[in-house]
Structures are given as C-alpha cells and as structure tokens.
Amino acid sequence: GAAGGKCLDYFGKKFNFKNKIYSDTGSEQIRLAKQAFKNEFHYIECGAQNVDRILNDPIYESKNKDGAKEENENLDLFISINSIQYCSPIMLEDFFDKISKVKTKTLLLISEPIELDFLLREDIFMSRKYKGFNFKYDFFLRKAKIKILKKEIYNILESRKDKYFRNIGSYILIAEIN
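Note that the structure is predicted; figures quoted are calculated from it, not measured.

Run through the sheet that holds strand E4 (residues 105-115), naming residues and quoting values.
Taken together, the four strands give an open sheet; going across it, the order is E3-E4-E8-E7, and neighbouring strands pair in mixed fashion. Because the sheet does not close on itself, it has two edges, and the strands there are strand E3 (75-81) and strand E7 (147-154). When strand polarity is set aside, the average angle formed by the axes of neighbouring strands in this sheet is 10°. In this fold helix H1 (residues 6-14) packs onto E3 and E4, with an angle of close to 160° to the strand it touches most, E3.

Written as structure tokens, this is what we have:
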C-alpha cells in the first residue's frame, strides 16, 4: 500500500529511483494517485498477498535484468504504510514468503498501527476493532528469514481523550533482504 504516494514520491526523488511502482488494493486510490502524480509511477492494483504481481511485472523484471548503472539502481524499496494490517495472518505470511525470495538488495519499510496492550500478550496476531489486525511483524519477518535492521514502537496518540485511540501506537520496522 503506497499510502497516497507521498512517501514513494519522497524516497523516489531522494534516492533517484528510476522505476517507481505504486500499488494499492482499490481502484479509487489508484485513480487519486494518478491524478496527483501523473506518470511518476507505474500503477498496479493488488494487495500485499499478491506482491508477486509486482515482482513479475515487466517494469520490475526489466529493471532487475538490465543490470544497474548507478548505485541506487541495485536497491529496491517496498513500503507498507497502514496497509498490511488488513491482511489475514495467512496473507501476511504469504506476503513475507514471496518478498523474501527477491534476488536484489531490497529494503522493506513497514509503518502500521498497533494496539499497544496487544504487545504485552504472547499472541503473534489478534483481530482489531476496525477491520485490521495487530501483528508482531518481527515474528513474521524472522520466520521468512528477513533481516530486521530497526524496530520502533511509538505511542503517538497518548494525549487523545478517547481511551481506545490512546492505546494505538505505530509499529515501525525497517528490514533488509539480500
């Protein structure tokens, strides 16, 4: 999930990525991104469990077959912001299994909401009120043999009056494949 495309646009410019693929599960999000970013991205409608649609897309495959000329062309970056929380546990395992098999050096940036009291439990996942799941993403990354570079959990809503939202934090992971 590209979260509207702003992060993808930022990282694409910062690291001079030649090919930027925007994916989302809904055609409306893709339409809005096309309206905002025009031809900045290659657009693919798919969920995380279908990441192989990206990995098998001609623009992705050709980038990784041609051989990199610049340092950053060797790097792939996958971003999930408020997106993989909507995967079922099986879909999430499938996503990490597929993405762990990429052949190029790849960074994975995950920023997802989490109920902070869930982290005190032994469970590795739990359904949440609003269609999403709480996941201990580090468990799934280790299971797929993906190297975790950084893990941070922030309580960004602690000042909210509503008790439920005070319990919501951000689960940030940066991981490396290859």
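Which residues make up the nonpolar core, and what are the values?
With 33 residues, the main nonpolar core has Phe-96, Ile-99 and Leu-108 as its most contacted residues. Breaking this core down by element, the ones donating at least two residues are helix H3 (52-55), helix H5 (89-99), E4, strand E6 (133-135), helix H6 (137-143) and strand E8 (168-177). The residues touching Ile-99, leaving out its near neighbours within four places in the chain, are Val-51, Phe-78, Leu-108, Ile-146 and Ile-177. Tyr-22, Ile-30, Phe-37 and Phe-41 belong to the second-largest nonpolar core, a separate cluster that totals seven residues.

Account for H5, with residues named and values stated.
Where H5 is concerned, the buried positions are Pro-89, Leu-92, Phe-95, Phe-96 and Ile-99. Buried residues in H5, looked at end-on, bunch into an arc of 120°, giving them a common side. Buried residues in H5 make contact with E3, E4, strand E5 (125-127), E6, H6 and E8.

Can you lay out the packing of aromatic side chains for me, pointing to particular residues and giving the numbers?
Going through the model one piece at a time under the given rule, you end up with twelve aromatic pairs. Both rings, one in Tyr-22 and one in Tyr-43, keep their centres 5.6 Å apart while their planes meet at 55°; by these two values the pair is tilted. Here the residue Tyr-22 occupies a position in strand E1 (residues 21-24), and Tyr-43 occupies one in strand E2 (residues 42-45), the gap between them amounting to 21 residues. Given a relative accessible area of 1%, Tyr-22 falls into the buried group. Residue class for Tyr-43 comes out buried when judged on its relative accessible area of 16%. Relative to Phe-135, the ring of Phe-133 has its centre 5.5 Å away and its plane inclined at 25°; by these criteria the two rings are stacked. Like Phe-135, Phe-133 is buried. Here a set of aromatic residues connected by ring pairs shows up, and it is made of Phe-125, Phe-133, Phe-135, Tyr-137, Phe-139, Phe-140 and Tyr-171. Positioned above the aromatic ring of Phe-118, the side-chain terminus of Lys-136 is 5.2 Å from the ring centre.

The rules we used
- Residues numbered from 1 in each chain as written.
- Predicted model: local features only at pLDDT ≥ 70, side-chain atom pairs only at ≥ 80, totals over all residues.
- Heavy atoms only, no water.
- Pairing = 2+ DSSP bridges.
- Helix = DSSP H or I, 4+ residues; strand = E, 2+ residues; numbered from the N terminus.
- Axes fitted to C-alpha atoms, helices over the stretch in contact; angles between N-to-C directions.
- Contact = heavy atoms within 4.5 Å.
- Core = buried A, V, L, I, M, F, W, Y, C linked by side-chain atoms within 4.5 Å.
- Buried < 20%, exposed > 50% of the residue type's maximum accessible area, 1.4 Å probe, protein only.
- Arc of directions from axis to C-beta.
- Phe/Tyr/Trp six-rings, centres within 6.5 Å; stacked < 30°, edge-to-face > 60°.
- Lys NZ or Arg CZ within 6 Å of the ring centre and 35° of its normal.

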